[in-house]
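# Reading the structure
If you want the building blocks of each chain, they are given just below.
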Protein chains: 2
Amino acid sequence: MTGSQRPPSKFVAAISQIQEMIKADRIRPGDKLPSERELSERLSIGRSSVREALRALELLGLIETRRGEGTFLRDFQDHQLVPLISTFIFNDDQKKEHVQDMKAILEMGCLAILAKRPDFKNNAISLQADFHELMDAAGNSLLKKIWLIISDYAGTSREQDRERLNELLMGFMKNNPS
Amino acid sequence: MTGSQRPPSKFVAAISQIQEMIKADRIRPGDKLPSERELSERLSIGRSSVREALRALELLGLIETRRGEGTFLRDFQDHQLVPLISTFIFNDDQKKEHVQDMKAILEMGCLAILAKRPDFKNNAISLQADFHELMDAAGNSLLKKIWLIISDYAGTSREQDRERLNELLMGFMKNNPS
DNA sequence: TTCATTCAAGTGGTCTGACCACAAGATTTA
DNA sequence: TAAATCTTGTGGTCAGACCACTTGAATGAA
């Protein structure tokens, strides 16, 4: 027989279903999810599989689990997956470079956005500024979120960031004289 | 009693231990990890907990699981983590503009990488090229991955992409005369 | 009443043992 | 030799049993 691709594992299916449930039931960050046992019943899968799904989501920082209380939807702010994955990344220097480059690209992009503004030189950018503020100023939340994640992976210090920012700014001033 | 912080859950501990084991045993991408049952024994924790850890790692794209064969360490390059996080990131962030800007930033970054190469003008970039090829040429898998996802969300056509690429190239040529 | 104590129910955390589905190699058989 | 068949080892899943913890209700003492 051909074409009989086996279905995705239960725990992967569970993740999707849980996400759908979150949307359908309008569960918001901070709200409580159904208990593992209830999920198990509603999704008709064993509790173990539910747990595997929940543990994975937890590791991603999408949910939070409190023993004796329940499982709660979380805001994406503090993703713990970063330190975790970075240890894996550290095995490979090339990948580390990629992360660094990626970060630089995002930062350049941030500056490019700001540079289009008339008040670019005046207030928004002082040499005391750091990218957290600049990202806010740029007003692209998507950019900022991704930058935050990448920054975490990159693992550079605030000082290093600031130094490079200065360098970048110098370059910008030169290429974009007002 | 105060200050009795309870230990991290088994499955979190398992993740760390598995990581250490990978390092200690010099397991490289593509290699096989010990079986779940063996891990269970070696780490002295139940197989369920081992599985919760492995499932989480799998969702992060750090390992790959093949039924009947085993569990294998994976190259970080194909981490599914990015698409995963992205679905979440895009949740509250439907701002189309942000996505477009983000895409442009990534593409500029790609060009910037290529521009540093001596053969920039010669072969790598022809006006027939599109960003798929350019991203490959840039050689930053992380960049490409994120770009692909963003592109997906941006929903622009290949033609639109090519047009903008041409515009960008023009600008680049102007600002970076060889 | 009011406050503290106790208790019961619900929840996540973990383990065990049992199957199933699958892949690969060894073994048997034609 | 070549095909068909075990056998073994692996992940996938489930059910049931405890444990640890939180909460709130029930209970009792002031």
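This write-up is about the structure you can find in this document. Just so it is clear, the model here is predicted, and its values are computed rather than measured.

## Examining the overall build of chain A
The number of helices and strands found in chain A is nine helices and two strands. Overall, chain A shows an N-to-C arrangement of helices and strands of α-α-α-β-β-α-α-α-α-α-α. The 178 residues of chain A split such that 44% are buried. Contacts in chain A between residues far apart in sequence, at least 24 positions, make up 58% of those at least 6 positions apart. When the accessible surface of chain A is summed, it comes to about 9900 Å², and 49% of that surface belongs to carbon and sulfur atoms.

## Points about the pattern of salt bridges
Tallied over the full model, the rule gives 22 salt bridges over all chains. With its nearest N and O atoms 2.9 Å apart, the salt bridge here joins Arg47 of chain B to Glu36 of chain B. Pair noted here: Arg47 of chain B is in helix 3 (residues 47–59) and Glu36 of chain B is in helix 2 (residues 36–43), with a separation of 11 residues, a long-range link. We note a salt bridge from Arg66 of chain B to Glu64 of chain B, for which the minimum N-O separation is 3.4 Å. On the basis of relative accessible area, Glu64 of chain B is assigned to the partly exposed category, the value being 31%. Look at the salt bridges and you will find they share partners, linking Glu36, Arg47, Arg51, Arg55 and Glu58 of chain A together with Glu52 of chain B into a network.

## Details of the protein's contact with DNA strand D
Every one of the 25 residues lining DNA strand D counts as a neighbour, but Lys10, Gly46 and Ser49 of chain A together with Glu36 and Arg47 of chain B are closest to it. Measuring from a phosphate oxygen of DNA strand D, one finds a backbone N or O atom of Lys10 of chain A at 2.4 Å. The separation between a phosphate oxygen of DNA strand D and a polar side-chain atom of Arg51 of chain B is 3.0 Å. Counting residues per element, the ones that place at least two in the surface near DNA strand D are helix 3 (47–59) of chain A together with helix 2, helix 3, strand 2 (63–66) and strand 3 (70–73) of chain B. Here the surface near DNA strand D is composed, by residue class, of one nonpolar, 10 polar and 14 charged.

## A closer look at the packing of aromatic side chains
Think of a pair of aromatic rings as described by two things: how far the centres are apart, and how the planes are tilted against each other in angle. Residue and element names in this part refer to chain A. Overall, the coordinates contain two aromatic pairs over all chains when judged by the stated rule. For the pair Phe131 and Trp147, a centre-to-centre distance of 6.1 Å together with 50 degrees between the ring planes defines the contact as tilted. Here Phe131 is found in helix 7 (residues 131–138), whereas its partner Trp147 is found in helix 8 (residues 141–154), with 16 residues between them in sequence. Trp147 matches Phe131 in its accessibility class, with the two residues each being buried. Residue placement shows Arg66 over the ring face of Phe72; its charged tip is 3.8 Å from the ring centre.

## Quick look at the environment of Ser48 of chain B
Residues and elements named next belong to chain B. Counting through the fold element by element, Ser48 comes out in helix 3. By relative accessible area, which is 48% here, Ser48 ends up partly exposed. C-alpha separation for the pair Ser48 and Glu36, spaced 12 residues apart in sequence, amounts to 9.0 Å.

## Focus on the side chain of Arg55 of chain B
Considering the arrangement of structural elements, one finds Arg55 of chain B in helix 3. In terms of polar contacts, Arg55 of chain B uses its side chain to reach the side chain of Glu36 of chain B, at 2.9 Å. At a separation of 2.7 Å, a polar atom in the side chain of Arg55 of chain B contacts the side chain of Glu58 of chain B. For Arg55 of chain B, the contacting residues outside a window of four places in its chain are Phe11, Glu52 and Ala56 of chain A together with Glu36 and Thr65 of chain B.

## Side note on the nonpolar core
Within the largest apolar cluster, 42 residues are counted, with the highest numbers of intra-cluster contacts made by Ile15, Ile18 and Leu33 of chain A together with Ile18 and Leu33 of chain B. Going through the elements one at a time, helix 1 (10–24), helix 2 (36–43) and helix 3 of chain A together with helix 1 (10–24), helix 2 and helix 3 of chain B are the ones with two or more residues in this core. Here Leu33 of chain B is in contact with Ile18, Ile22, Ile27, Ile63, Thr71, Phe72 and Leu73 of chain B, once residues within four sequence places are set aside. Listed in part, the 40 residues of the second largest apolar core include Phe131 of chain A together with Leu143, Ile146 and Ala154 of chain B.

How each quantity is defined
Residues numbered from 1 in each chain as written. Chains lettered and ligands numbered in written order. Predicted model: local features only at pLDDT ≥ 70, side-chain atom pairs only at ≥ 80, totals over all residues. Heavy atoms only, no water. Helix = DSSP H or I, 4+ residues; strand = E, 2+ residues; numbered from the N terminus. Buried < 20%, exposed > 50% of the residue type's maximum accessible area, 1.4 Å probe, protein only. Contact = heavy atoms within 4.5 Å. Areas by Shrake-Rupley, 256 points an atom, 1.4 Å probe, with all protein chains shown as cover. Salt bridge = Lys/Arg side-chain N within 4 Å of Asp/Glu carboxyl O. Near = heavy atom within 4 Å. Polar contact = N/O pair within 3.5 Å; in protein donor to acceptor, adjacent residues only side chain to side chain. Nonpolar A, V, L, I, M, F, W, Y, C, P; charged D, E, K, R; others polar. Phe/Tyr/Trp six-rings, centres within 6.5 Å; stacked < 30°, edge-to-face > 60°. Lys NZ or Arg CZ within 6 Å of the ring centre and 35° of its normal. Core = buried A, V, L, I, M, F, W, Y, C linked by side-chain atoms within 4.5 Å.

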